[in-house]
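Architecture at a glance
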Amino acid sequence: MENILFVWDFHGVLEKDNEYAVQAICNQVIKEFGVNNSISIEKTRELYGLSWNEYYRHLAPNVTGNIIKTMCSRSIELSRPVSKKYIKPMDYAKEVLSTIKSKDHTNVLLTNTEPKRAAEFAESVGLKSFFDAIIEVYDISDNMDVVRRKSDALNKYLQNKKFSKVVNIGDKESDIKAGKSVGATTYLFTKAREKSDADYVITDLREILKEL
C-alpha cells in the first residue's frame, strides 16, 4: 500500500500571526538587556522561522555569546504567554492535514523550535493530532546551520522506514534544501509568488493535495 510522507515546517506554514508575538518578545528582551535597537514587523517576517539565537545575533551584534544565550532563555520564558495572544492555524491547514491523515499517509512536523515547544504550538492551533512524529532541531548554541540540522534530522527519521514518496513543505529556502537532501518533492509556501529552487511555489496549502 502506498504511503507518502509529508514533512511540514510549522512557523509561517501551518500557523499564522505568531510573527507579532516574536516581534513583541524581541523588543521586550532587547529593552530588558539595555540594547538600543528594535525590530519592525517587516524585519520579523524576513527572519521568521530562525532561532532566537539568530534573531539576537542580528539585533545585538555586539553582545557576547553568553548574554545572547540568556536572552534566548528569556525569550523562551516569554514565548508561552505571549504566543497565545496571537497564534492561529494557517488557512486550510486542518483540512489539508486531516485529508492526508484520512488517506493513511504520514504527516511529520520538522521545525526549528525549542525543545517541547513544537508540540505545544501544534496543540495550541488544534493540529497536533494529525502528526505521526514531531521533530525539533533547535540549537541554542547555533553550532550548525538550520539546513544541516533539518537535513540530518530528516535523514535520521527516514532510516529503516519505507515511503513511496517524500513531500517537503516549508516557507524558506532552508526547508527546500533540507527536503532536496532526501530526494523529496519540495513546496515553498509563500504569500507572494517568488523564485525558488523548490519544485513548486504555492500560496494555498490545498495545492499540496495534488500529491495524493
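Below is a summary of the structure that appears in this document. (Residues numbered from 1 in each chain as written. Predicted model: local features only at pLDDT ≥ 70, side-chain atom pairs only at ≥ 80, totals over all residues. Heavy atoms only, no water.)

**Comments concerning the pairing of strand β5 (residues 133-136)**
Filter applied, for reference: Each residue is assigned to one of three classes by its accessible area relative to the maximum for its type, calculated with a 1.4 Å probe on protein chains only: buried under 20%, partly exposed between the two thresholds, exposed over 50%. We count a stretch as a helix when DSSP gives it H or I for four or more residues in a row; a strand needs E for two or more, and each element gets its number in order from the N terminus. Two strands form a pair only when DSSP identifies at least two bridges running between them. Look down the strands so they point away from you; if going from the first strand over the helix to the second traces a clockwise path, that crossover is right-handed.
Alternating residues of β5 divide into A133 and I135, all buried, and I134 and E136, none buried. Bridge count for strand β4 (residues 106-111) against β5 is four bridges, and the pairing is parallel. Residue pairing across strands places T111 opposite E136, the latter belonging to β5. Crossover connection from β4 via helix α6 (residues 117-124) to parallel β5: handedness right-handed.

**So, unusual backbone geometry**
Although it is not a glycine, D17 sits at a positive phi angle of roughly 75°. In this fold, D17 is placed in the loop between β2 (15-16) and α1 (18-32). In this structure, N160 takes a positive phi of about 65° despite not being glycine. Relative to the helices and strands, N160 resides in the loop between α7 (146-158) and β6 (165-170).

**Points about the environment of E95**
Mapped onto the elements, E95 comes out in helix α5 (residues 93-102). The class for E95 is partly exposed, based on a relative accessible area of 39%. Taking the C-alpha atoms as reference points, E95 and G179, separated by 84 residues in sequence, lie 23 Å from one another.

**Looking at empty space enclosed by the protein**
Operational definition: Site definitions follow a grid-based scheme: protein atoms alone, a 1 Å grid, a 1.4 Å probe that fits but cannot get out for cavities, and for pockets an open set with protein on both sides within 12 Å along at least five of seven lines, plus lining residues having an atom within 4 Å of a point. Grid points are joined across faces, edges and corners, and a volume is the space filled by probe spheres set on the points.
Across all of its chains, the model carries three cavities of 30 Å³ or more by this definition. As a volume, the largest cavity reaches approximately 190 Å³. Along the walls of the largest cavity sit 17 residues, with H11, V22, L50, W52 and E114 positioned nearest its centre. Elements that contribute at least two residues to the lining of the largest cavity include exactly α1, α3 (52-59) and α4 (65-83).

**As for the layout of surface pockets**
This is how the line gets drawn: Ten residues, namely Ala, Val, Leu, Ile, Met, Phe, Trp, Tyr, Cys and Pro, are considered nonpolar, four, namely Asp, Glu, Lys and Arg, are considered charged, and the remaining ones, Gly among them, are considered polar.
Here the largest pocket is characterised by a volume of approximately 380 Å³. Lining the largest pocket are 14 residues, and of these G12, R45, Y48, D171 and K191 sit closest to its centre. Each residue belonging to the lining of the largest pocket can be placed in one class, and the counts come to three nonpolar, two polar and nine charged.

**Section: the packing of aromatic side chains**
Put simply, the rule is: For Phe, Tyr and Trp, where Trp contributes only its six-membered ring, two rings pair if their centres lie within 6.5 Å, and the inter-plane angle classes them as stacked under 30 degrees, edge-to-face over 60, or tilted in between.
Using the criterion set out here, one finds five aromatic pairs in the structure. For the ring pair W52 and Y55, a centre distance of 6.0 Å and an interplane angle of 45° mean the geometry is tilted. Linking W52 with Y55, this pair stays in helix α3, spanning three residues, or about one helical turn. By relative accessible area, W52 is classed as buried at 8%. Judged by relative accessible area, which is 2%, Y55 ranks as buried. Cluster of aromatic residues (ring-pair linked, three or more members): W52, Y55 and Y56.

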